[in-house]
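Summary of the model geometry
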Amino acid sequence: TPAGAPIGLGDVGTSVQFLRSVGSRSTFALSSFYLLIAADIEGRNECSIPGHAGKVLQSQIRFSSLNTVALACRKAFDHGGGLTGAAFGRMPDAVLEKHAEYWSSRLGRTKEDAYRALSFLRTFFAKCSKKPDALFKDGTTLGRRIGFIKQYADRSAAHLSLEYYEFDTLDLAHVVAALAIVGSIICSFDNSTPPEYFNQ
């Protein structure tokens, strides 16, 4: 099977499809984060199923939710080629201009607004879509948290590992909030999602 973006998408198609995938994964990450908090065994939320079976269910939901958030983060901020954050972060201005035309033609938004949003997203993904070690050295709090969660995704969520990772809810909340903001920008231009969509 060929690696990279599907054949025939072209630069604009790659740009559009990458951002759509991030918009989709942002909703998965946000809803999974809420499930993660709700299923906290140490928290105040008791499972409606009593006893050991309820604890097992909470643990399963928490484990699955954490892995969903981690894999969504890893995919959105992938540092490889193809449909990745790093590739989008290198998109030339000419591609963003055509992408902005596409967005503005669909929903009646101005091309200038669409281009500004795309320029912001390109800068954001260029900054945050690096290998974990580079993100750790970068110095930003969000970058380090993305690097840590990507490392968890690579070593624990995507593969069996004996390595232990300790997460603070704030680490995850910061990354999920960033994804939700990015997802909200994308959805507002790409499919006319109402501004309150992610709040709902």
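Residues numbered from 1 in each chain as written. Predicted model: local features only at pLDDT ≥ 70, side-chain atom pairs only at ≥ 80, totals over all residues. Heavy atoms only, no water.

Quick word on the overall build of the protein
For clarity, the threshold we go by: The secondary structure listing takes helices from DSSP runs of H or I that are at least 4 residues long and strands from runs of E that are at least 2 residues long, numbered from the N terminus. Here the term buried applies to any residue with accessible area under 20% of the maximum for its type, exposed to any over 50%, and partly exposed to those in between, with areas from a 1.4 Å probe on protein chains only. Here, Shrake-Rupley sampling with a 1.4 Å probe gives the accessible areas, and only protein chains in the shown set may cover a residue.
Summing up its helical and strand segments, the protein has 8 helices and 0 strands in all. Looking at the protein as a whole, 40% of its 200 residues qualify as buried. Entry remark: accessible area of the protein is about 10,800 Å², with carbon and sulfur atoms responsible for 56%.

Examining the nonpolar core
To keep it simple, the criterion reads: Buried residues of nine kinds, namely Ala, Val, Leu, Ile, Met, Phe, Trp, Tyr and Cys, make up a nonpolar core once their side-chain atoms join them within 4.5 Å. The contact rule is simple, with two residues in contact once any of their heavy atoms fall within 4.5 Å.
Grouped together as the largest cluster of nonpolar side chains are 45 residues, with contacts concentrated most on Leu19, Phe77, Phe88 and Phe125. Of all the elements, helix H8 (residues 169-190) adds the most residues to this core, at 10 residues. In contact with phenylalanine 77, other than residues within four places in its own chain, are Phe124, Phe125, Cys128, Ser129, Lys130, Ile146, Lys150 and Leu179.

Description of the confidence of the model for the protein
Convention followed: Think of pLDDT as the predictor's per-residue confidence, scored from 0 to 100.
Averaged over all residues, the pLDDT of the protein equals 87, while 90% of them reach at least 70. In the model of the protein, helix H7 (residues 141-157) stands out as the element of lowest mean pLDDT, 88, in contrast to helix H5 (residues 111-128), which has the highest, 96.

Re the environment of arginine 106
In this structure, arginine 106 sits in helix H4 (residues 93-107). Once the C-alpha coordinates of arginine 106 and phenylalanine 189 are considered, the two residues, 83 residues apart in sequence, prove to be 8.5 Å apart. With residues near it in sequence (within four places) discarded, arginine 106 still touches Arg20, Asp190 and Asn191.

Quick look at H8
To keep things clear, this is the line we draw: One fewer than the residue count of a helix, multiplied by 1.5 Å, yields its expected span. Here a polar contact is recorded for every N or O atom pair within 3.5 Å, except that within protein the pair must consist of a potential hydrogen donor and a potential acceptor, and residues adjacent in sequence are included only if both atoms are side-chain atoms.
If you check H8, its first and last C-alpha atoms are 30 Å apart, about what 22 residues at 1.5 Å a residue would give, namely 32 Å. Where H8 begins, the side chain of aspartate 168 points an oxygen toward the backbone nitrogen of leucine 170, at a separation of 2.7 Å.

Topic: the pattern of salt bridges
Note on pairing: side chains with opposite charge can pair once their charged atoms come close. What counts here: Here a salt bridge means any side-chain nitrogen of Lys or Arg lying within 4 Å of a carboxyl oxygen belonging to Asp or Glu.
Counted under the stated rule, the structure contains 7 salt bridges. Residues arginine 20 and aspartate 190 are paired through a salt bridge, measuring 2.5 Å at the closest nitrogen-oxygen approach. Here the residue arginine 20 occupies a position in helix H1 (residues 10-38), and aspartate 190 occupies one in helix H8, the gap between them amounting to 170 residues. Of the residues examined, arginine 20 reaches a relative accessible area of 29% and is grouped as partly exposed. Relative accessible area serves as the criterion here: at 6%, aspartate 190 is assigned to the buried category. Between glutamate 101 and lysine 111 there is a salt bridge; the shortest N-O distance is 3.2 Å. Placement of the pair is glutamate 101 in helix H4 and lysine 111 in helix H5, with a sequence separation of 10 residues. Its relative accessible area of 42% is what places glutamate 101 among the partly exposed residues. With relative accessibility at 31%, the residue lysine 111 sits in the partly exposed group.

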